Amino acid sequence: MDCDKVGKDYVACFECDLLIETPKLTAKQSAFCPRCHSLITAKSSNNLQYALAYAFAAVILLVVANLFPFLGFSAQGNKLTMTLWQSAQTLYHYQSEILALLVFSFIILIPSLLVLGVIYVLWPLIFSRQIVKGGIPIARALFTLKHWSMAEVFLIGVIASLTKITSMAQVELGLSFWAYILFVIALTLSLSSLDKYRFWHYLDQAKRCQHLHQ
Amino acid sequence: MPAPSSVKSVTAKSVGLQNCRVCGLLNDAKHKYCQRCHARLAMRTPLSLQKTIAWLLTAVLLYLPSNFLPIMHTTNFGRESSSTIVGGVILLWEQGGYFIASVIFAASIVIPIIKILVLIWLVVSVKYNLFTHRHERALMYRLTEFIGRWSMIDVFVVAILVALFQLGGILTVAPGIAALAFAGVVITTMLAAKAFDPRLIWDQYQNGDK
């Protein structure tokens, strides 16, 4: 119990450090800082459960997105297809190793680490009120890594390049393309449901439960 | 809702508490690591302005090659041509892709410049205690942080074109050095925004009004 004695009744705004009484919110309320108007916590009754559900959907969709051709096109009898993985891999073949690594990290590695991390931490937390081994460092990494996932930016990039190509060739959208779009939607919903404030308060409650059981 | 001006702004710092930037727990000033999530604590990000400026300088240095050197090399029937970011936008505009040309123009040229200018404004205003526009500055900071990743579009366009036209015979596309430089611009401006501690904007007012 002693672990959260400090600052139990107050929180501070992340952006301007104003001390605010811990907001007591119903499911449909959000809290904003009265001074700088930045978001303190977002609404929704059970958004951690949503974060977990969307993360599951995202994992399945990401697997599908890696199994099939992503884009294909035919021009003058030539038929070419590429996979999602190849959008990073081909750069590697052109001696742009760093660029290949960056693209791979931003569109595949970081997004998949995020969804796996969300599942790993939230599943035991929600279903058995347990803080899993290594759960706290992983949760910390999740909130830091969140800003470096660029799956949705990549999707806009795909649409931009399609407009470039369609003038010269017939483009086919592969199954992976549609799976990746759904993956991006699930990932975005999962991460936006993972509210910082609610997550750590939920974790505190779980910690208190563990203390009581011991 | 805006706070009534009679309300005295009490910050965590003014009562000797440090807010954990990862989990939001208020920690006593004596702690080095957060008591809940074990993240490194600081009253304010140490050397925040210096770090921001350092990342910004790097971004400016990378911005020049990223715009003047070719971002991709195209080989069409043995004829080789290179294109820059601006060249690609102009070509796309001429082909009639107005919307996507505007998106790439905004993401690759306008947003990086605005981001760099906004961060310079933030650093200068904090450094020299310019007492105006704090709400606007807070908003600009939030926008800068939010919009950061979206500049990466052009790098992804290159990656997709390269992958799609590999061993393509009639047409091959190879990445240019500007693609890496531009990825560097996006990453360094993101790090600059992360290094800037927005609480500094509000600290100046602790002794002044309100």
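What counts and how
Residues numbered from 1 in each chain as written. Chains lettered and ligands numbered in written order. Predicted model: local features only at pLDDT ≥ 70, side-chain atom pairs only at ≥ 80, totals over all residues. Heavy atoms only, no water. Helix = DSSP H or I, 4+ residues; strand = E, 2+ residues; numbered from the N terminus. Rg over C-alpha atoms; globule rule 2.2 N^0.38 Å. Buried < 20%, exposed > 50% of the residue type's maximum accessible area, 1.4 Å probe, protein only. Contact = heavy atoms within 4.5 Å. Lys, Arg positive; Asp, Glu negative; His and termini not counted. Charge placed at Lys NZ, Arg CZ, Asp CG, Glu CD. Domains from an automatic or database assignment. Buried area = accessible area lost by both parts, 1.4 Å probe. Salt bridge = Lys/Arg side-chain N within 4 Å of Asp/Glu carboxyl O. Polar contact = N/O pair within 3.5 Å; in protein donor to acceptor, adjacent residues only side chain to side chain. Nonpolar A, V, L, I, M, F, W, Y, C, P; charged D, E, K, R; others polar. Core = buried A, V, L, I, M, F, W, Y, C linked by side-chain atoms within 4.5 Å. Pairing = 2+ DSSP bridges. Axes fitted to C-alpha atoms, helices over the stretch in contact; angles between N-to-C directions. 1 Å grid on protein atoms, 1.4 Å probe; cavity = no way out; pocket = protein on both sides within 12 Å on 5 of 7 lines; lining within 4 Å. Points joined across faces, edges and corners; volume = space filled by probe spheres on them.

A. Spotlight on the overall build of chain A. Looking only at helices and strands, chain A has seven helices and seven strands in total. Its helices and strands in sequence order give chain A the pattern β-β-β-β-α-β-β-α-α-α-α-β-α-α, from N to C terminus. Its C-alpha atoms give chain A a radius of gyration of 21 Å, more than 25% over the compact-globule value 17 Å for 214 residues. Based on the C-alpha atoms only, the size of chain A along its principal axes is roughly 70 × 40 × 35 Å. By the burial criterion, 51% of the 214 residues in chain A qualify as buried. Excluding contacts between residues fewer than 6 apart, the proportion of contacts in chain A whose partners are at least 24 apart in sequence is 65%. Treating the 16 positive side-chain charges of chain A as one cloud and the 11 negative ones as another, the clouds have centres 5 Å apart.

B. Region of the structure containing the domain arrangement of chain A. All names here are of chain A. Under the domain assignment, chain A is made up of domain 1 (1-43) and domain 2 (46-213). Domain 1 and domain 2 are separated by 29 Å when their C-alpha centres are compared. Contacts between the two partners involve 14 residues from domain 1, matched on the other side by ten residues from domain 2. A combined buried area of about 940 Å² lies between domain 1 and domain 2, and 52% of that area is made up of carbon and sulfur atoms. At the boundary of domain 1 with domain 2, the tally comes to zero salt bridges. Run the count over domain 1 and domain 2 and you get three residue pairs in polar contact (both at pLDDT 80 or more). Residue classes in the side of domain 1 that touches domain 2 are distributed as eight nonpolar, four polar and two charged.

C. Spatial organisation of the domain arrangement of chain B. Residue and element names in this part refer to chain B. Each assigned domain of chain B is listed with its residue range as follows: domain 1 (8-43) and domain 2 (46-203). For domain 1 versus domain 2, the distance between C-alpha centres works out to 33 Å. Residue-level contacts link five residues of domain 1 with five residues of domain 2. For the pair domain 1 and domain 2, the summed buried area comes to about 390 Å², and 37% of that belongs to carbon and sulfur atoms. The largest contributions to the domain 1 side of the interface with domain 2 come from Arg21, Ala42 and Met43, which together make up 73% of the buried area.

D. Examining the nonpolar core more closely. By size, the foremost hydrophobic cluster in this structure holds 104 residues, and its most contacted members are Phe106, Leu122, Tyr180 and Phe199 of chain A together with Met152 of chain B. In terms of residue count, helix α3 (residues 97-128) of chain A provides more of this core than any other element does, 16 residues in total. In this structure, Met152 of chain B is in contact with Phe106, Met150 and Val153 of chain A together with Ala183, Val186 and Ile187 of chain B, ignoring residues within four places of it in sequence. By size, the runner-up hydrophobic cluster in this structure holds 27 residues, among which are Ile20 and Cys33 of chain A together with Ala138 and Ala192 of chain B.

E. Examining the sheet that holds strand β3 (residues 72-76) of chain B more closely. Residue and element names in this part refer to chain B. Read across the sheet, three strands follow the order β4-β3-β5 without closing on themselves; strand pairing throughout is antiparallel. The open sheet has two free edges, formed respectively by β4 (79-83) and β5 (171-175), since each of these has just one partner strand. With direction set aside, neighbouring strand axes in the sheet form an average angle of 20°. Inspection of the sheet shows β3 paired to β4 by five bridges, in the antiparallel sense. Residue pairing for β4: Thr75 is matched across the bridge by Glu80.

F. Highlighting the interface of chain A and chain B. Chain A puts 62 residues into the contact, and the matching count from chain B is 70 residues. Where chain A abuts chain B, roughly 6,000 Å² becomes buried across the two surfaces, and 70% of that area is made up of carbon and sulfur atoms. Inspection of the region where chain A meets chain B yields four salt bridges. In this structure, the salt-bridge partner of Arg44 of chain B is Asp17 of chain A, at a minimum N-O distance of 2.8 Å. At the boundary of chain A and chain B, one finds 15 residue pairs in polar contact (both at pLDDT 80 or more). Among the elements of the structure, β1 (10-12), β5 (71-75), β6 (78-82), α2 (86-93), α3, α4 (135-145), α5 (151-165) and α7 (196-213) of chain A are those that each provide at least two residues to the side of chain A that touches chain B. By residue number, the principal contributor to the side of chain A that touches chain B is α5 of chain A, which donates twelve residues.

G. Structural context of the pattern of salt bridges. Tallied over the entire structure, the rule returns seven salt bridges over all chains. Here Arg142 of chain B makes a salt bridge to Glu15 of chain A, at a shortest N to O gap of 2.9 Å. Remark: Glu15 of chain A occurs in the loop between β1 and β2 (19-21) and Arg142 of chain B occurs in helix α4 (residues 134-147); the pair is interchain, linking two chains. Exposure remark for Arg142 of chain B: the relative accessible area of 21% places this residue in the partly exposed category. Here Arg199 of chain B and Asp197 of chain B are joined by a salt bridge, their closest N and O atoms 3.0 Å apart. As far as burial versus exposure is concerned, Arg199 of chain B and Asp197 of chain B are alike and both buried. The network of salt bridges with common partners includes Asp17 of chain A together with Arg44 and Asp203 of chain B.

H. The arrangement of empty space enclosed by the protein in detail. All names here are of chain B. For the structure on display, the rule yields two cavities of 30 Å³ or more. Here the largest cavity is characterised by a volume of approximately 80 Å³. Elements that contribute at least two residues to the lining of the largest cavity include exactly α2 (85-94) and α5 (153-164). Counting residues per element, the lining of the largest cavity draws most heavily on α2, which supplies four residues.

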